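Results of the structural survey
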Amino acid sequence: MTSTLTLRRPDDWHLHLRDGDALRAVVAASARQFARAIVMPNLKPPVTTPAAARAYHGRILQALAQARAAGEIDALAAAEFQPLMTLYLTDNTPAADIVQAHAEGLVKGVKLYPAGATTNADAGVTDIARVRGALEAMQRCGLPLLVHGEVTDADIDLFDRERVFIDRVLLPMRRDFPGLKVVFEHITTREAAQYVAQADELTAATITAHHLLYNRNALFIGGVRPHWYCLPVLKREQHRQALMAAATGGHPRFFLGTDSAPHARHLKEHACGCAG
Ligand code: NCD
Ligand code: ZN
């Protein structure tokens, strides 16, 4: 008896393609594996306007064409790979930009980085109260909010940043904007998995392979391991187990987001190595 196993080409719902030479170096790796990808906007400077998203989209397509010409991807991958663009939310994002981005159709989500939470998040949101107009516009037009769910308060233990974010930011925001689509990105804790599993159908989450494969011991085995340092940082084994259960439990609102986020090696292997 013969049997066939068909693996569908997956989508990557959280990807950093970077820009310039780095974009050229990494885009083929994603196009070889994935059909569509939600492309993060944390460039320098960040992708804060519909025009910037359009220009970045153009640079990605150009890099794809170069990868195709260099034989790094086949014609099918080059034609099929779809970069889905996002906007970087700031305290000053006008509601009109949200409406325009949605009307043009290229931008598929708006990214909330709490200011300072991660790589290139300095221009992020300092207080949800400042982005109410943008969130109302998103709720009206159905554009999802993609959330880096960590508080940055200095008095909160680094490993509790995600858990505390649920109580301090996410729950009040969901009460104020019950019709807003929210993706809780790269979740790392049991609390986040439980929150999403019990939330209504407008709330989803992405999970990375990194957080399914490792717990926080991986950061320190035999010495400091900078290549295992990604944000949100790895957590205890009990959290990894909860993420595994969420990812394999058949729940329809947990998705893969690789969070592939390359940095130059010398910036990772550094006294103040960067996250990614
Ligand atoms: C990401 C990056 O380098 O852009 N880093 C990371 O550790 N995951 C940003 C992010 O997604 O938090
Ligand atoms: Zn990321």
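Residues numbered from 1 in each chain as written. Chains lettered and ligands numbered in written order. Predicted model: local features only at pLDDT ≥ 70, side-chain atom pairs only at ≥ 80, totals over all residues. Heavy atoms only, no water.

Its 12 residues give helix 9 (residues 237–248) an end-to-end C-alpha distance of 16 Å, which sits within 8% of 16 Å, the value for a rise of 1.5 Å per residue. At the exit of helix 9 stands G250, carrying a positive phi of roughly 80 degrees. (Helix = DSSP H or I, 4+ residues; strand = E, 2+ residues; numbered from the N terminus. Expected span 1.5 Å × (residues − 1).)

Quick look at the environment of T49 now. Along the chain, T49 turns up in the loop between strand 2 (36–39) and helix 2 (50–69). In this structure T49 comes out as partly exposed when scored by relative accessible area, which is 29%. Sequence-wise, T49 and F255 are 206 residues apart; in three dimensions their C-alpha atoms are separated by 26 Å. Once residues lying within four places of it in the same chain are set aside, the contact partners of T49 are L87 and D97. Within the local environment of T49, its side chain forms a polar contact with the backbone nitrogen of A52, the two atoms lying 3.0 Å apart. (Buried < 20%, exposed > 50% of the residue type's maximum accessible area, 1.4 Å probe, protein only. Contact = heavy atoms within 4.5 Å. Polar contact = N/O pair within 3.5 Å; in protein donor to acceptor, adjacent residues only side chain to side chain.)

Turning our attention to unusual backbone geometry. In the segment running from K44 into P45, the intervening peptide bond is cis, with an omega of -5 degrees. Take P45: it is sitting in the loop between strand 2 and helix 2. Here the bond from L231 into P232 is cis, since omega is -10 degrees, no more than 30 degrees from zero. When you line up the elements, P232 lands in the loop between helix 8 (209–213) and helix 9. Residue N120 is not a glycine yet carries a positive backbone phi of 55 degrees. Topologically, N120 is positioned in the loop between strand 4 (107–112) and helix 5 (132–141). At D259, a position not held by glycine, the phi torsion is positive, near 55 degrees. Mapped onto the elements, D259 comes out in the loop between strand 8 (254–256) and helix 10 (265–268).

What follows is about the pattern of salt bridges. Within this structure, the stated rule accounts for 11 salt bridges. The shortest N-O distance in the salt bridge between E80 and R9 comes to 3.7 Å. Taken as a pair, E80 in helix 3 (residues 75–80) and R9 in the segment before strand 1 (12–15) lie far apart in primary sequence, 71 residues in all. Of the charged contacts, one joins D11 and R36 as a salt bridge, the two residues approaching to 2.7 Å between their closest N and O atoms. Highlighted residues: D11 in the segment before strand 1 and R36 in strand 2, separated in sequence by 25 residues. A relative accessible area of 15% places D11 in the buried class. (Salt bridge = Lys/Arg side-chain N within 4 Å of Asp/Glu carboxyl O.)

Empty space among the atoms can be located by rolling a probe the size of a water molecule over them. Under the definition given, this model contains two cavities of 30 Å³ or more. Estimated volume of the largest cavity: approximately 120 Å³. Considering the residues around the largest cavity, the lining is formed by 16 residues, among which H16, T118, L231, D259 and A261 are closest to the centre. The residue inventory of the lining of the largest cavity, partitioned by class, reads five nonpolar, eight polar and three charged. When its volume is computed, the second largest cavity comes out at roughly 40 Å³. In terms of lining residues, the second largest cavity is bounded by T188, H211, Y214, L234, K235, R236, H239, R240 and L243. (1 Å grid on protein atoms, 1.4 Å probe; cavity = no way out; pocket = protein on both sides within 12 Å on 5 of 7 lines; lining within 4 Å. Points joined across faces, edges and corners; volume = space filled by probe spheres on them. Nonpolar A, V, L, I, M, F, W, Y, C, P; charged D, E, K, R; others polar.)

Read these as layout, nothing more, since geometry by itself doesn't imply function.
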